[in-house]
Amino acid sequence: MEIGSSITLRVKNETDSNEWNSHRCKIIDRDNKYVYIDYPINNKTNKTMQLSTNDYITISFVKKGIVYEFHSIVEKRINLTVPALAILLPEAEEIKRIQRRDFVRVKSDVDIAVHFSDGSTPPLVSVTQDISGGGASVVIPPNTKPLFQKQPITVYLILHSITVPYEYIKIDAEIVRLHTNNDIHSMSLKFLFNSDRNQQKIINYCFDKQREKRKLGLI
């Protein structure tokens, strides 16, 4: 975890022990024992979260396209250049690498534009069938030229959730599989992030959508 990088902090909902509230914050300093973060902002309300000493939290962060997660506690409040929280660093073996198959995947019709790096196929506009921090399944519009596995592409996503009005993201990707189900053609994409920040945005979006569906009783 590098100074200045964004992380996601989750803490249990006080009224629902099965619900975790998601917050965004930044690392402003660190030493051998602690990582120091600014006060977290709730992703849903955009309000500052008031955490107390010894609060149990879960931290996730992205490094070189890989998501890591660990559990910790708020050790103390301190004043650096801004008010900050000291989070106890875990042992190295307690930091869990989140496998791609473990990413939260949600069914969601995200607007997407696909541009083909080799220029062999005109750009297409479509929607996703589902999306995660590692990739997405995208509907292939009728009359699209033949597509191929490992075909390099660039995608433009428009994310919209209860916490993010509109977020526009550009990501390099590749086609990993082609599917046909009930005459609907689709392609599975693998995201090739050159920005940890973009991956964190998509992961947060997926958590938001999962929370929306749970409140509606859809999951």
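Q: Help me out: how do you make sense of the pattern of salt bridges in this one?
A: By the definition in use, this model includes four salt bridges. Between aspartate 130 and arginine 105 there is a salt bridge, with its nearest N and O atoms 2.5 Å apart. On the criterion of sequence distance, the pair formed by aspartate 130 in strand β11 (residues 124-131) and arginine 105 in the loop between β8 (96-98) and β9 (106-107) is long-range, its members being 25 residues apart. Given a relative accessible area of 14%, aspartate 130 falls into the buried group.

Q: What is the right way to look at the packing of aromatic side chains in this model?
A: The geometry of two aromatic rings is summed up by the distance between their centres and the angle between their planes. Going through the model one piece at a time under the given rule, you end up with four aromatic pairs. Judged by centre distance (6.0 Å) and plane angle (55°), the ring pair of tyrosine 34 and tyrosine 36 falls under tilted. Of the residues examined, tyrosine 34 reaches a relative accessible area of 8% and is grouped as buried. For the ring pair phenylalanine 61 and phenylalanine 70, a centre distance of 6.4 Å and an interplane angle of 65° mean the geometry is edge-to-face. In textbook terms, an aromatic cluster arises when at least three aromatic residues are bridged by ring pairs, as seen for Phe61, Tyr68 and Phe70.

Q: What should I look at first to understand the pairing of strand β6 (residues 66-79) in this one?
A: Remark: a regular strand shows side chains that alternate across the two faces of the sheet. As paired elements, strand β5 (residues 56-63) and β6 share eight bridges and run antiparallel to each other. Across the sheet, isoleucine 59 pairs through a bridge with phenylalanine 70, a residue of β6. Here β6 pairs with β8 via three bridges, running antiparallel. Each residue of the ladder has a partner; that of tyrosine 68, found in β8, is arginine 97.

Q: I tried to follow the environment of threonine 48 on my own but got confused; where do I start?
A: By the element assignment, threonine 48 lies in the loop between β4 (41-42) and β5. C-alpha of threonine 48 to C-alpha of cysteine 25: the two residues are 23 residues apart in sequence and 9.8 Å apart in space. With sequence-adjacent residues up to four places away left out, threonine 48 is seen in contact with Tyr39, Pro40 and Ile41.

Cut-offs and rules
Residues numbered from 1 in each chain as written. Predicted model: local features only at pLDDT ≥ 70, side-chain atom pairs only at ≥ 80, totals over all residues. Heavy atoms only, no water. Salt bridge = Lys/Arg side-chain N within 4 Å of Asp/Glu carboxyl O. Helix = DSSP H or I, 4+ residues; strand = E, 2+ residues; numbered from the N terminus. Buried < 20%, exposed > 50% of the residue type's maximum accessible area, 1.4 Å probe, protein only. Phe/Tyr/Trp six-rings, centres within 6.5 Å; stacked < 30°, edge-to-face > 60°. Pairing = 2+ DSSP bridges. Contact = heavy atoms within 4.5 Å.

Geometry only, nothing functional implied.
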